[in-house]
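Given next are the chains, with one letter for each unit.
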Amino acid sequence: MLKWLTGKFKKKESKVTSLADMAEAAAPVVAIPSWDGASDIYVRLRRVSLMALVQSGNLPNDLLTFATDMALKQQSGKPDSVAEMEVNSFEKYTQLLHAMAREALAEPTYDQIMKEVGWLTDQQLMAIHYYCLGGVRALHSFREATRVAIAHRSDSQDLRGKAQ
């Protein structure tokens, strides 16, 4: 144990990370769902937090309170369930997803996608949101949950019997 610990503190030959390497690490190429939902597209994403959006002033004023509440709930470990949101809250949540995508998409940019394609799917927006919250690891669980939901979306025979 002592040998392992002392090995951690040995002086290593280090060099400063280049700005190009930093830029690439700050916005890696990430796979998100395509418009067909069955394949992937690859985009360069930055991790953007809700608090960073609030601080940067890149949120419309009507979303500031909503985003602040969401960020505080996420930090406390009690995020709202999308299914439990009221209509007004869901509308603000959708606006927040678009604001987050606008900041996170480095290549192509959000505006470029809107100009060329015209829209982002709900799956794409959610994937970008999950990436911002937890990185690539969060996307793996998102993809698995989405795959299962799509596989069972029209399977009414899997429903449980009525409660007695």
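This one's a predicted model, so the numbers in the text were calculated from it and none came from an experiment.

**A short note on the overall build of the chain**
Working step 1: For the chain, the count of helices and strands is 8 helices and 3 strands.
Working step 2: Across the 164 residues in the chain, those meeting the buried criterion constitute 27%.
Working step 3: A fraction of 56% describes how many contacts in the chain between residues 6 or more apart in sequence connect residues 24 or more apart.
Working step 4: By element, 54% of the accessible surface of the chain is carried by carbon and sulfur atoms, the whole surface being about 12,000 Å².

**Considering the nonpolar core**
Working step 1: The biggest cluster of nonpolar side chains holds 29 residues, and the ones touching the most others in it are I32, L45, L59, A101, L105, L120 and I128.
Working step 2: Considering each element in turn, this core owes the most residues, 7 residues, to helix α5 (residues 87-104).
Working step 3: With residues near it in sequence (within four places) discarded, L59 still touches L53, V54, L64, A67, L96 and A99.

**Digging into the pattern of salt bridges**
Working step 1: Per the counting criterion, the structure on display carries 2 salt bridges.
Working step 2: Residue E107 pairs with R44 through a salt bridge whose shortest N-O separation is 3.4 Å. A residue pair is termed long-range when its members are at least 10 positions apart, and E107 in strand β3 (residues 105-107) and R44 in strand β2 (residues 40-45) qualify at 63 residues.
Working step 3: A salt bridge links R102 to D111, with the nearest nitrogen and oxygen atoms 3.9 Å apart.

**Quick look at helix α7 (residues 122-134)**
Quick reminder: α-helices carry 3.6 residues per turn. Residues three or four places apart thus point the same way.
Working step 1: For α7, with 13 residues, the first-to-last C-alpha span of 18 Å sits near the 18 Å given by 1.5 Å per residue.
Working step 2: Those residues of α7 lying buried are Q123, Q124, L125, M126, A127, I128, H129, Y131 and C132.

**Re the confidence of the model for the chain**
Working step 1: Per-chain confidence: the chain averages 76 in pLDDT, with 62% of residues scoring 70 or above.
Working step 2: In this model residues 154-164 is a low-confidence stretch, pLDDT under 50, and it forms 1 contact with partners more than four residues away in sequence or in other chains.

**A short note on the sheet that holds β3**
Working step 1: Strand order in the open sheet formed by 3 strands is β1-β2-β3, and the pairing between neighbours is antiparallel. The open sheet is flanked by β1 (29-33) and β3, the only strands paired with a single partner. Strand-to-strand twist in this sheet, taken as the mean axis angle between neighbours without regard to direction, amounts to 60 degrees.
Working step 2: Where β2 and β3 come together, 2 bridges link them in antiparallel fashion. Across the sheet, the residue bridging to R44 is E107, located in β3.
Working step 3: Lying on the sheet, α7 is in contact with β1, β2 and β3; it crosses β1 at an angle near 140 degrees.

**Overview of the pairing of β1**
Working step 1: With 5 bridges connecting them, β1 and β2 associate as antiparallel partners. Bridge assignment links A31 to a residue of β2, and that residue is Y42.
Working step 2: In textbook terms, the turn of a hairpin is the stretch between consecutive antiparallel strands, and for β1 and β2 this stretch comprises 6 residues, one of which, G37, has a positive phi near 80 degrees.

**Thoughts on unusual backbone geometry**
Working step 1: A cis amide bond links E107 to the next residue, P108, at an omega of -10 degrees.
Working step 2: With respect to the helices, strands and loops of the structure, P108 is situated in the loop between β3 and α6 (110-116).

**Quick look at the environment of A52**
Working step 1: Locating A52 in the fold gives a position in helix α3 (residues 50-56).
Working step 2: When the C-alpha positions of A52 and M100 are compared, they lie 10.0 Å apart, and in sequence the two are 48 residues distant.

**Quick word on the environment of P28**
Working step 1: Along the polypeptide, P28 turns up in the loop between α2 (19-26) and β1.
Working step 2: When the C-alpha atoms of P28 and E107 are compared, they prove to be 9.8 Å apart, with 79 residues separating the residues in sequence.
Working step 3: Excluding residues that lie within four positions of it along the chain, P28 makes contacts with V43, R44, L45 and Y131.

Parameters and conventions
Residues numbered from 1 in each chain as written. Predicted model: local features only at pLDDT ≥ 70, side-chain atom pairs only at ≥ 80, totals over all residues. Heavy atoms only, no water. Helix = DSSP H or I, 4+ residues; strand = E, 2+ residues; numbered from the N terminus. Buried < 20%, exposed > 50% of the residue type's maximum accessible area, 1.4 Å probe, protein only. Contact = heavy atoms within 4.5 Å. Areas by Shrake-Rupley, 256 points an atom, 1.4 Å probe, with all protein chains shown as cover. Core = buried A, V, L, I, M, F, W, Y, C linked by side-chain atoms within 4.5 Å. Salt bridge = Lys/Arg side-chain N within 4 Å of Asp/Glu carboxyl O. Expected span 1.5 Å × (residues − 1). pLDDT = per-residue confidence, 0-100. Pairing = 2+ DSSP bridges. Axes fitted to C-alpha atoms, helices over the stretch in contact; angles between N-to-C directions.

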